[in-house]
Amino acid sequence: MQVERLQREYDVTVDWAPFLLNPDTPPEGSPARYRRGADDPPSPVEERAAREGIRFARGRERTSYSRLALEAVAFGDEADLDALALHRSLFRAYFEELADLGDPEVVVQAAARAGADPDALRAALAERRHRAQVERGIEASRRLGVTGIPTFVFDGRFALVGAHEYPVFQAMMERLGRPPPAGFDGERVELTFPGE
């Protein structure tokens, strides 16, 4: 995963912000918009994910209500859980296991794999303890101009929307005055932004 590599090679802090790609999804979920059959060739997204070690299972029929997963992430922040491990576990449940993240028990079990206390999380989700915090985070993401996922915001000034190869992240770090690590011999990419 590019973010993990960026954290290994640069002194950066990664903050995960909540965002809903489909904010109108009801609690019971909605029919999946895109379905790929078992014999369909891999999509560009699937190919890219495979190169990153991420597997997308096929056969999803419904898009999940993901607010509970976002609330579990807020719970994890409060409990000082490893954010990357928690996100990976939730991604695994949704994309690999085709689990319904609108089901609180699915969210609890996925978060427990990342070290969450299942009983404490179950109670927090039942009470919707982190709901207001998540809604504020979603609104903050919208104000920043986030319209798609993933979106990476650097230094509060520059955003990269979509999945990019690692040299693009390195170019962003260089643009921010953070040279590549010693011994770097990879590809150079130049970034330009509108109005430059």
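Located above this text is the structure these notes cover.
Analysis parameters
Once a new chain begins, its residue numbering starts again from 1 and follows that chain's sequence as written. Since the coordinates come from a predicted model, pLDDT governs what is reported: local features require at least 70, and pairs of side-chain atoms require 80 or more to be given and counted, while whole-chain, interface and lining totals use all residues. In computing side-chain values, all of the structure's heavy atoms are included and hydrogens and water are not. Helix numbering and strand numbering both begin at the N terminus, where a helix is a DSSP run of H or I of at least 4 residues and a strand a DSSP run of E of at least 2. Taken over C-alpha atoms, the radius of gyration is set against a globule rule of 2.2 Å times the number of residues to the power 0.38. Exposure classes here rest on a 1.4 Å probe applied to the protein chains alone. A residue is buried below 20% of its type maximum, exposed above 50%, and partly exposed in between. Contact criterion: two residues are considered in contact whenever any of their non-hydrogen atoms come within 4.5 Å of each other. Two residue types count as positive, namely Lys and Arg, and two as negative, namely Asp and Glu; His and chain ends fall outside the count. All charge positions are set by atom: Lys at NZ, Arg at CZ, Asp at CG, Glu at CD. By convention a nonpolar core is built from buried Ala, Val, Leu, Ile, Met, Phe, Trp, Tyr and Cys residues, the set being connected through side-chain atoms within 4.5 Å. Each axis is a line fitted through C-alpha atoms, taken for helices only over the stretch in contact, and angles between the N-to-C directions span 0 to 180 degrees. With respect to orientation, any angle under 35 degrees is reported as roughly parallel, any angle over 145 as roughly antiparallel, any angle of 65 to 115 as roughly perpendicular, and every other angle as oblique. Note on convention: the crossing is left-handed when the near helix lies turned anticlockwise from the far helix by less than a right angle, right-handed when the turn is clockwise. Three classes are used: nonpolar for Ala, Val, Leu, Ile, Met, Phe, Trp, Tyr, Cys and Pro, charged for Asp, Glu, Lys and Arg, and polar for all others, with Gly counted as polar. Only centres within 6.5 Å qualify two rings of Phe, Tyr or Trp (six-membered ring in Trp) as a pair; their planes then separate them into stacked at under 30 degrees, edge-to-face at over 60, and tilted for everything else. For a Lys NZ or an Arg CZ to count as sitting over a ring, it must be within 6 Å of the ring centre and within 35 degrees of the ring normal. Whenever two N or O atoms come within 3.5 Å, that pair is a polar contact, provided that in protein one can donate a hydrogen and the other can accept it, and provided that, for residues adjacent in sequence, both atoms are side-chain atoms. A pair of strands is considered paired only if DSSP assigns at least 2 bridges between the two.

## Concerning the overall build of the protein
Piece 1. Regarding its fold elements, the protein presents 8 helices and 4 strands.
Piece 2. Tracing the protein from N to C terminus, the helices and strands come up as α-β-α-β-α-α-α-α-α-β-β-α.
Piece 3. For 196 residues, the compact-globule estimate of 2.2 N^0.38 gives 16 Å, and the protein sits close to it at 18 Å.
Piece 4. Within the protein, buried positions represent 37% of all 196 residues.
Piece 5. Here the contacts in the protein between residues at least 6 apart in sequence split such that 60% fall between residues at least 24 apart.
Piece 6. The positive charge centre, built from 26 side chains, and the negative charge centre, built from 34, are 3 Å apart in the protein.

## Concerning helix α8 (residues 166-175)
Piece 1. Burial analysis of α8 places 8 of its 10 residues in the buried class, which makes it a mostly covered element.
Piece 2. Taken together, the buried positions of α8 are occupied by Y166, P167, V168, F169, Q170, A171, M172 and M173.
Piece 3. G177 lies just past α8 and shows a positive phi near 85 degrees.

## A few points about the nonpolar core
Piece 1. L86, L90, L101, V107, A116, L121 and L125 are the most contacted members of the largest nonpolar core, which totals 22 residues.
Piece 2. Residue assignment for this core shows that the elements contributing at least two residues are α3 (67-78), α4 (83-96), α5 (104-113) and α6 (118-127).
Piece 3. Examining the composition of this core, we find that 5 residues originate from one element, α3, more than from any other.
Piece 4. Non-local contacts of L121, meaning those with residues more than four positions away in its chain, are made with A72, F75, V107, V108, A111 and A116.
Piece 5. Counting 11 residues, the second-largest nonpolar core is a separate cluster that includes V12, F158, Y166 and M172.

## As for the packing of α4 against α5
Piece 1. The interhelical angle for the contact between α4 and α5, taken along N-to-C directions, is 135 degrees, at an axis separation of 8 Å. It follows that α4 is oblique to α5 by the angle criterion. Considering how the two elements wind past one another, α4 and α5 form a crossing that is right-handed. Listed contacts from α5 to L86, S89, L90, R92 and A93 of α4 are V107, A110, A111 and R113.
Piece 2. Partitioned by chemical class, the residues of the contact of α4 with α5 number 6 nonpolar, 1 polar and 2 charged.

## Quick word on the packing of aromatic side chains
Piece 1. Applying the stated criterion across every chain yields a total of 6 aromatic pairs.
Piece 2. What links up through ring pairs into an aromatic cluster is the set W16, F56, F91, Y94 and F95.
Piece 3. The lysine or arginine in question, R60, covers the ring of Y94, its NZ or CZ lying 3.6 Å from the ring centre.

## So, unusual backbone geometry
It is generally the case that most residues other than glycine have a negative phi and that most peptide bonds are trans.
Piece 1. Following I149, the chain continues to P150 via a peptide bond in cis, the omega torsion being -5 degrees.
Piece 2. Tracing the backbone through its elements, the reader meets P150 in the loop between α7 (131-144) and β3 (151-154).
Piece 3. In this structure, L98 takes a positive phi of about 55 degrees despite not being glycine.
Piece 4. Along the polypeptide, L98 turns up in the loop between α4 and α5.

## Focus on the side chain of Q2
Piece 1. As for its position among the elements, Q2 is in helix α1 (residues 2-9).
Piece 2. Within polar-contact distance, the side chain of Q2 engages the backbone oxygen of H164 at 3.5 Å.
Piece 3. Those residues in contact with Q2 that lie beyond four places of it in its chain are R48, E52, H164, E165, Y166 and F169.

## Section: the pairing of strand β4 (residues 158-161)
Piece 1. Every second residue of β4 is oriented toward a common face, the buried set being F158 and L160 and the non-buried set A159 and V161.
Piece 2. Across 4 bridges, β3 lies against β4 in antiparallel orientation. Across the sheet, the residue bridging to T151 is V161, located in β4.
Piece 3. Remark: 3 residues form the turn of the hairpin made by β3 and β4, two consecutive strands paired antiparallel; D155 in that turn has positive phi of roughly 55 degrees.

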